[in-house]
Amino acid sequence: ASPQALPWDMRGLRVVVSAGGTREPLDPVRWLGNRSSGKQGYALARVAAQRGAEVTLVAAHTVALSEPAGVRVVQAGTAQELREAMRQAAAEADVVVMAAAVADFRPTGSAAYKIKKTEREPDPIALTRNPDVLAELVADRQPGQTMVGFAAETGDAEGNILEYARAKLHRKGCDLLVVNAVGEGKAFETEDNDGWLLAADGTETRIPFGAKSQLAVAVWNAVLASRSRQS
Ligand code: CTP
Ligand code: CA
């Protein structure tokens, strides 16, 4: 979407978007991470700024991306850093969008020095749960604040993508859940995305296959629609 094509309909709205994948250190030179590129979160931030919003982007690790114009960028490496940055930014936001891929677990301890290989077999990596940032932000939400979660689902023997997504929307208590179908080269590290937008009122909208900027436009449209239903 070119800037000219976008309406200036988010003027005065304060939004915070998280993007990218957290990295959980094992030692000073190694981490546990994930494949998130950050492109979807950056597209959301860029489009919101183009529509006149006041945007804070909390960026975990991403591929090389140019900073969106007119956006305040805060870096966050680990899930715990991202939690702090999101808490601060969310305190003054009308809309919170959690597009980041937050590691569910982190190594229980990070070694102060580089782990050396020895003659022994290596120890298994012990893991601890990370905080659920979105769940915490929903629990502490300001009145009138709109909360948006993301879910990347593959479906499996136990259930299909939409069944998992509906359960996640209710579990997280957010107003909107953006569901990406992943696997088979979809979503991660690509320019295109497809999926569904699930709203807390039961509305389910198919997002046509297209650029991440198009998905960003659809998400912000849904946010504005949800806010106008509330007021
Ligand atoms: N999320 C979060 N903090 C975490 C894990 C996830 O804030 N520790 C957020 C993500 O940013 C996303 C939403 O929660 O907006 C859903 O993330 P997802 O990984 O799909 O859900 P989980 O609850 O972690 O469930 P699972 O990974 O088992 O599917
Ligand atoms: Ca997860």
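Please read these numbers as outputs of a predicted model, since none were measured by experiment.

## Here we look at the overall build of the protein
Then comes step 1: Of regular secondary structure, the protein possesses five helices and 12 strands.
Then comes step 2: In terms of overall dimensions, the protein is globule-like: its C-alpha atoms have a radius of gyration of 18 Å, near the 17 Å expected for 231 residues.
Then comes step 3: For the protein, the spread of C-alpha atoms along the principal axes amounts to about 65 × 40 × 35 Å.
Then comes step 4: Looking at the 231 residues of the protein, the share that counts as buried comes to 47%.
Then comes step 5: The contacts in the protein between residues at least 6 apart in sequence include a share of 67% that link residues at least 24 apart.
Then comes step 6: Entry remark: accessible area of the protein is about 12,100 Å², with carbon and sulfur atoms responsible for 51%.
Then comes step 7: When the 27 positive and 28 negative side-chain charges of the protein are each reduced to one mean point, those points stand 3 Å apart.

## Considerations on the UniProt feature "binding site: CTP" (unreviewed entry) in the protein
Then comes step 1: Residues annotated in UniProt with the feature "binding site: CTP" (unreviewed entry) correspond here to Asp104, Lys114, Pro131, Asp132, Val133, Leu134, Phe150, Lys168 and Lys172. In terms of the greatest pairwise C-alpha distance, the residues named above, spread along 69 residues, do not form a single cluster, extending to 38.0 Å across.
Then comes step 2: By secondary structure assignment, the location of Asp132 is in the loop between strand 8 (127–129) and helix 3 (133–139).
Then comes step 3: Of the polar contacts made by the side chain of Asp132, one reaches the backbone nitrogen of Ala135; its length is 3.0 Å.
Then comes step 4: Looking at the element boundaries, Leu134 is found in helix 3.
Then comes step 5: Exposure remark for Leu134: the relative accessible area of 7% places this residue in the buried category.

## What to know about the site of ligand 1
Then comes step 1: Not every one of the 14 residues close to ligand 1 is listed here, only the nearest: Met98, Ala100, Leu134, Lys168 and Lys172.
Then comes step 2: Contacts to ligand 1 include Val133, whose backbone N or O atom sits 3.0 Å from a nitrogen atom.
Then comes step 3: Expressed as a share of its isolated accessible area of 570 Å², the protein-covered part of ligand 1 is 76%.
Then comes step 4: Of all the elements in the fold, those that place two or more residues in the shell around ligand 1 are helix 3, strand 9 (146–153) and helix 4 (161–172).
Then comes step 5: Class assignment for the residues of the shell around ligand 1 results in eight nonpolar, one polar and five charged.

## A look at helix 2 (residues 79–90)
Then comes step 1: A rise of 1.5 Å per residue sets the reference length of helix 2, with its 12 residues, at 16 Å; its end C-alpha atoms lie 16 Å apart and thus fit the reference within 8%.
Then comes step 2: Those residues of helix 2 lying buried are Ala79, Leu82, Ala85, Met86, Ala89 and Ala90. Along helix 2, the residues classed as buried sweep out an arc of 125 degrees about the axis, all on the same side.

## Describing the packing of aromatic side chains
Then comes step 1: Taken as a whole and assessed by the stated rule, the structure comprises zero aromatic pairs.
Then comes step 2: Just above the ring of Trp196 sits the side chain of Arg206; from NZ or CZ to the centre is 4.7 Å.

## Here's the deal with the coordination of the calcium ion (ligand 2)
Then comes step 1: Donor atoms from the polypeptide that coordinate the calcium ion (ligand 2) comprise Asp104 (OD) and Asp104 (OD), at 2.4 to 2.5 Å from the metal.
Then comes step 2: In this structure, Asp104 sits in the loop between strand 6 (95–98) and strand 7 (105–107).

## Comments concerning the nonpolar core
Then comes step 1: Ranked by size, the top nonpolar core spans 35 residues in total, and within it Val15, Leu44 and Trp220 carry the most contacts.
Then comes step 2: Mapped by element, the contributors of at least two residues to this core are strand 1 (14–19), helix 1 (39–50), strand 4 (54–59), strand 6, strand 9, strand 10 (176–181), strand 11 (192–199) and helix 5 (212–230).
Then comes step 3: Counting residues in each nonpolar core, the second largest holds 29 residues, with Val16, Ala76, Leu162 and Leu177 among its members.

Each value, and the rule that gives it
- Residues numbered from 1 in each chain as written.
- Chains lettered and ligands numbered in written order.
- Predicted model: local features only at pLDDT ≥ 70, side-chain atom pairs only at ≥ 80, totals over all residues.
- Heavy atoms only, no water.
- Helix = DSSP H or I, 4+ residues; strand = E, 2+ residues; numbered from the N terminus.
- Rg over C-alpha atoms; globule rule 2.2 N^0.38 Å.
- Buried < 20%, exposed > 50% of the residue type's maximum accessible area, 1.4 Å probe, protein only.
- Contact = heavy atoms within 4.5 Å.
- Areas by Shrake-Rupley, 256 points an atom, 1.4 Å probe, with all protein chains shown as cover.
- Lys, Arg positive; Asp, Glu negative; His and termini not counted.
- Charge placed at Lys NZ, Arg CZ, Asp CG, Glu CD.
- UniProt positions renumbered as here; feature names shortened; annotations may be inferred.
- Polar contact = N/O pair within 3.5 Å; in protein donor to acceptor, adjacent residues only side chain to side chain.
- Near = heavy atom within 4 Å.
- Nonpolar A, V, L, I, M, F, W, Y, C, P; charged D, E, K, R; others polar.
- Expected span 1.5 Å × (residues − 1).
- Arc of directions from axis to C-beta.
- Phe/Tyr/Trp six-rings, centres within 6.5 Å; stacked < 30°, edge-to-face > 60°.
- Lys NZ or Arg CZ within 6 Å of the ring centre and 35° of its normal.
- Donors = N, O, S within 2.8 Å, 3.2 Å for Na, K, Ca; no water.
- Core = buried A, V, L, I, M, F, W, Y, C linked by side-chain atoms within 4.5 Å.

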